[in-house]
Amino acid sequence: MAEEAQVQKKRTPPDPNSAKYKLNAIAAQAYQDAFDAKARGEKIGWCASNFPVEIPETLGIAVVYPENQAAAIAARGFGEEMCNISEADGYSNDICAYARISLAYAKVHECEGQNVPMPDFVLCCNNICNCMIKWYENLAKELNIPMIMIDIPFNPDYDVPEAEVQYVKGQFWAAIHQLEEITGKKWSDEKYKEVMEYSGRTSRAWLAATACAKYEPSPFNGFDLLNHMAVMVTARGKHEAADAMETLLKEYEQNHAEGKSTYRGEEKYRIMFEGIACWPYLRVTSQGLRNRGINMVTTIYADAFGFVYKDFDDMCAAYCKVPNAINLEYARDKRVKLCKDNHVEGLLVHTNRSCKLWSGFMPEMSRQIGEACGIPVAAFDGDQADPRNFSEAQYDTRVQGLTEIMEARKEA
């Protein structure tokens, strides 16, 4: 009877009203929408994750995100295979693994890990890093398609200067007009207002959901955020995304009220995880924390895709304030606030070989965060998509060291 009950439990269908079901469906539909648009003869694009999603969404243009695709390919075990293809073509294994996977896909046009339709144009924005520029330039050259580029300067100040807002605004409108020419679709101010409203609802609900980590214990396992954030990248301007994120927020608040959590086990310690996830080793990194009663309750990586703004100019400013486009002091203060708001006891830093800009900041930034919050800091070497750059043994050792320090401090 026990075995029958276990089988029945495994066969229980997912609740279509749950946030997890809705978010998974939205992420899958984003790929299908692009395939369907391509089949109809429409022009579709590949888009950088911090290119303003509101532009293609308002124009009704289907786009897919190579970074999301590369993460999915890596998480499903095909990252090394794709990296080997691009490296055989002469691309250095020192460049971003997302780029190597994407460039390999542009050559072979398929991968069991995640297929996407081939693009008719690419949309690039360098508020992530300058590697994006060369990566997308090569895609455009090798596929013989146009590239639309938006330059967002690094901002040394806390506030975005009006001159920078106007500089970026001009590029946003230039991109809109280029896309109108390429696709034949037309911009609508009314449609933009609708997209802006949905984006705001989605972002506010998402940021409120991640902020539920303020509760002790947290009503969620922080690794849930890494899975749910895909919708924030691909679909935050859709009403389905707003509905799903508001459902997620309600679930987290309900978990808190009922003393429940998606984190399995006793939450002995709470940490901040710094950096992009190691997608090929997501289970290993998650299990290594859970085995020690550690919950990763917050990460700047998740909150980075919550954009709240009041009009087009304010939207331009918002895209100037993503994590890799701001100075060390502002970036530090944002993280310190997350640590203090969410009662963090330790900081675990992913020194990511693929993301040199992000990782280059981290030794000094993490030192300052540790001092400001009075918490221990541990770092491990890894990669967001290339499994060859991660050591399970080293990760386990670093997490064990962090655990021992947190334990000693708690006892004291």
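Report on the accompanying structure. Small disclaimer: the values here were computed from a predicted structure and weren't measured. (Residues numbered from 1 in each chain as written. Predicted model: local features only at pLDDT ≥ 70, side-chain atom pairs only at ≥ 80, totals over all residues. Heavy atoms only, no water.)

1. Structural notes on the overall build of the protein
Here comes step 1: When helices and strands are counted, the protein shows 17 helices and eight strands.
Here comes step 2: C-alpha atoms of the protein, sized along the principal axes, occupy 65 × 60 × 45 Å.
Here comes step 3: Out of the 412 residues belonging to the protein, those deemed buried represent 57%.
Here comes step 4: For the protein, the share of sequence-separated contacts (at least 6 apart) that also reach a separation of at least 24 residues comes to 80%.
Here comes step 5: With the model as given, the accessible surface of the protein reaches about 17800 Å², and the carbon-plus-sulfur share is 50%.
Here comes step 6: Seen as two clouds, the 45 positive and the 59 negative side-chain charges of the protein have centres 2 Å apart. (Helix = DSSP H or I, 4+ residues; strand = E, 2+ residues; numbered from the N terminus. Buried < 20%, exposed > 50% of the residue type's maximum accessible area, 1.4 Å probe, protein only. Contact = heavy atoms within 4.5 Å. Areas by Shrake-Rupley, 256 points an atom, 1.4 Å probe, with all protein chains shown as cover. Lys, Arg positive; Asp, Glu negative; His and termini not counted. Charge placed at Lys NZ, Arg CZ, Asp CG, Glu CD.)

2. Some points on unusual backbone geometry
Here comes step 1: Residue Pro217 is bonded to the preceding Glu216 through a cis peptide linkage, with omega at -5°.
Here comes step 2: With respect to the helices and strands, the residue Pro217 is situated in the loop between helix H9 (189-210) and helix H10 (222-234).
Here comes step 3: Phi is positive for His109, which is not a glycine, with a value near 70°.
Here comes step 4: Position of His109 among the secondary structure elements: in the loop between helix H6 (97-108) and strand S3 (121-125).
Here comes step 5: Of note, Asn144 is a non-glycine position whose phi angle comes to about 55°, a positive value.
Here comes step 6: In this structure, Asn144 sits in the loop between helix H7 (131-143) and strand S4 (147-150).

3. Here we look at the packing of aromatic side chains
Here comes step 1: Inspection of the entire model under this criterion finds 20 aromatic pairs.
Here comes step 2: On the numbers, 6.4 Å between centres and 70° between planes, the contact of Tyr301 with Phe305 is edge-to-face. Taken as a pair, Tyr301 and Phe305 share a single burial class, namely buried.
Here comes step 3: Aromatic rings pair up to connect Phe172, Trp173, Trp187, Tyr192, Phe307, Phe312 and Tyr319 into one cluster. (Phe/Tyr/Trp six-rings, centres within 6.5 Å; stacked < 30°, edge-to-face > 60°.)

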